[in-house]
Amino acid sequence: MSLLEDPSVWAEEIARKIWEKERAVAMRNRNKIPYTAKDGVFDDLTERNICWWTNGFWAGLLWQMYGFQRDEVFRETAEGIEAKLDRNLMTAQGMDHDSGFRWLMTAAANYRMTGSKAARNRALLAASDLAGRWNLAGRFLRAWNDSGDGEKAGWAIIDCMMNLPLLYWASKELNDPRFAQIAVSHADTAARAFVREDGSVCHIVVFDPVTGERLYSLGGQGFGHGSAWTRGQSWALYGFALSYRHTKKAAYLETAEKVAAYVLSQIPESGIIPVDFCQPNDCTWEDDSAAAIAACGLIELQRMTGTTAYMDGAMRLLRALAGQRCNFSPEVDPLLERCSAAYHDTEHEFPIIYGDYFFSEAILKLCQKETFLW
Ligand code: GLY
């Protein structure tokens, strides 16, 4: 079998390049919490926005590297970020539906890897806060915050599927079904209220926060109402697969496969993913992070079902990213070059830390050497 044909041999070589790079990056960024980079140098959100939803991903990447091959610089840097996030944990208005992204990647990861009791405590506090966002009438976890005017009290978003694993984790850890019950009720609502007939998903669904009635959907970070924001498709694909992994509820696997079928049908020949599958033809903006997240979900589905089309799809995405969109140089901080936060933002195609995290996780999955942080 040639190198090109064997995903794990190919991935093992990429994983080694990532590890070498991230070791150098960690050595010179020991005190930062990066979101993006300018001229190859990470920025730092420690003072600028300690409550930003992406603040766990650099630590998550460091824990993945630590799991692949031990070097204490990874552990120490990740633990530093976790401690800094205590300021977020103590800011009620800075807590939101994305607690899973922040504390699964930091405290829960640390606890899994080292058994730290302080880390376990942080992750349990974050899980309790997330569970407190549950709307009993609508059976969903409320997204974002507002300034007390209740404007977003009925908002839910597809991204939240990726935060449910913090609740599954807390239930297991405490031997208490309440957290998982909330996660399941949210996942059931999301499967019903977000996923369209063709397998695409909407970003935002607005419910009446008092009666729980589904009112309407919004285009959110995608092109517009009724469109298919690619990162949202990826959150759904991977998120439902993870809910299946935690619960073994067949409906979640069916939903993940339905979304995966839609995503696979939309991947362009190039393997490079746009910001929205429904964006105008003359718009070339792409989002590498959407591709990396989808690849993680597809590999997970391949493991669950044995369907080779999922692995083929993941490989198309990962080969395109590795060959055309990754900077493996240890001299440059970010890895993926062209991520986009939202279609209607003024800036597109720049490094974003979660792109680096999910690309690395996908590559380690191919080698069967990822640490399961979800
Ligand atoms: N969770 C927000 C985003 O994907 O941009």
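Quick look at the structure, then. These numbers come from a predicted model, not from an experiment.

### Observations concerning the overall build of the protein
(1) Moving on: Scanning the protein for helices and strands turns up 13 helices and 7 strands.
(2) Moving on: Taken against the 2.2 N^0.38 rule, which gives 21 Å for 374 residues, the C-alpha radius of gyration of the protein at 19 Å falls within 12% of a compact globule.
(3) Moving on: Projected onto its principal axes, the C-alpha positions of the protein cover 55 × 45 × 40 Å.
(4) Moving on: Expressed as a percentage of its 374 residues, the buried residues of the protein come to 62%.
(5) Moving on: Here the contacts in the protein between residues at least 6 apart in sequence split such that 67% fall between residues at least 24 apart.
(6) Moving on: Of the roughly 14,300 Å² of accessible surface on the protein, 51% is carried by carbon and sulfur atoms.

### Notes on the pairing of strand 6 (residues 204-207)
(1) Moving on: Neither face of strand 6 is left uncovered, since the one carrying Ile 204 and Val 206 and the one carrying Val 205 and Phe 207 both have all their residues buried.
(2) Moving on: Taken together, the 3 bridges between strand 5 (residues 155-157) and strand 6 define a ladder with antiparallel strand orientation. From the neighbouring strand, Trp 155 faces strand 6, where its bridge partner is Val 206.
(3) Moving on: Between strand 6 and strand 7 (residues 214-218), which follow one another and run antiparallel, lie 6 residues, and Gly 212 among them has a positive phi close to 85°.

### A look at the pattern of salt bridges
(1) Moving on: According to the stated counting rule, one finds 25 salt bridges in the structure shown.
(2) Moving on: Here Lys 369 makes a salt bridge to Glu 12, at a shortest N to O gap of 3.0 Å. Separated by 357 residues along the polypeptide, Lys 369 in the segment after helix 13 (353-366) and Glu 12 in helix 1 (residues 7-28) bring together distant segments of the chain.
(3) Moving on: With relative accessibility at 34%, the residue Lys 369 sits in the partly exposed group.
(4) Moving on: Where Arg 303 meets Glu 370, a salt bridge forms, and the shortest distance between an N and an O atom there is 2.8 Å.

### Details of the sheet that holds strand 7
(1) Moving on: Strand order in the open sheet formed by 3 strands is 5-6-7, with antiparallel pairing between adjacent strands. Strands with a single pairing partner mark the edges of an open sheet, and in this sheet they are strand 5 and strand 7. Between one strand and the next, the sheet's axes are offset by a mean angle of 25°, whatever the strand orientation.

### Some details on the site of the ligand
(1) Moving on: Surrounding the ligand, one finds Trp 53, Asp 98, Asp 159, Gln 221, Trp 229, Arg 231 and Trp 235.
(2) Moving on: A distance of 2.7 Å separates a nitrogen atom of the ligand from a polar side-chain atom of Asp 159.
(3) Moving on: Measuring from an oxygen atom of the ligand, one finds a side-chain N or O atom of Trp 235 at 2.9 Å.
(4) Moving on: In isolation the ligand exposes 200 Å². Once the protein is present, 95% of that is buried.
(5) Moving on: Along the lines of polarity and charge, the residues of the shell around the ligand split into 3 nonpolar, 1 polar and 3 charged.

Cut-offs and rules
- Residues numbered from 1 in each chain as written.
- Predicted model: local features only at pLDDT ≥ 70, side-chain atom pairs only at ≥ 80, totals over all residues.
- Heavy atoms only, no water.
- Helix = DSSP H or I, 4+ residues; strand = E, 2+ residues; numbered from the N terminus.
- Rg over C-alpha atoms; globule rule 2.2 N^0.38 Å.
- Buried < 20%, exposed > 50% of the residue type's maximum accessible area, 1.4 Å probe, protein only.
- Contact = heavy atoms within 4.5 Å.
- Areas by Shrake-Rupley, 256 points an atom, 1.4 Å probe, with all protein chains shown as cover.
- Pairing = 2+ DSSP bridges.
- Salt bridge = Lys/Arg side-chain N within 4 Å of Asp/Glu carboxyl O.
- Axes fitted to C-alpha atoms, helices over the stretch in contact; angles between N-to-C directions.
- Near = heavy atom within 4 Å.
- Polar contact = N/O pair within 3.5 Å; in protein donor to acceptor, adjacent residues only side chain to side chain.
- Nonpolar A, V, L, I, M, F, W, Y, C, P; charged D, E, K, R; others polar.

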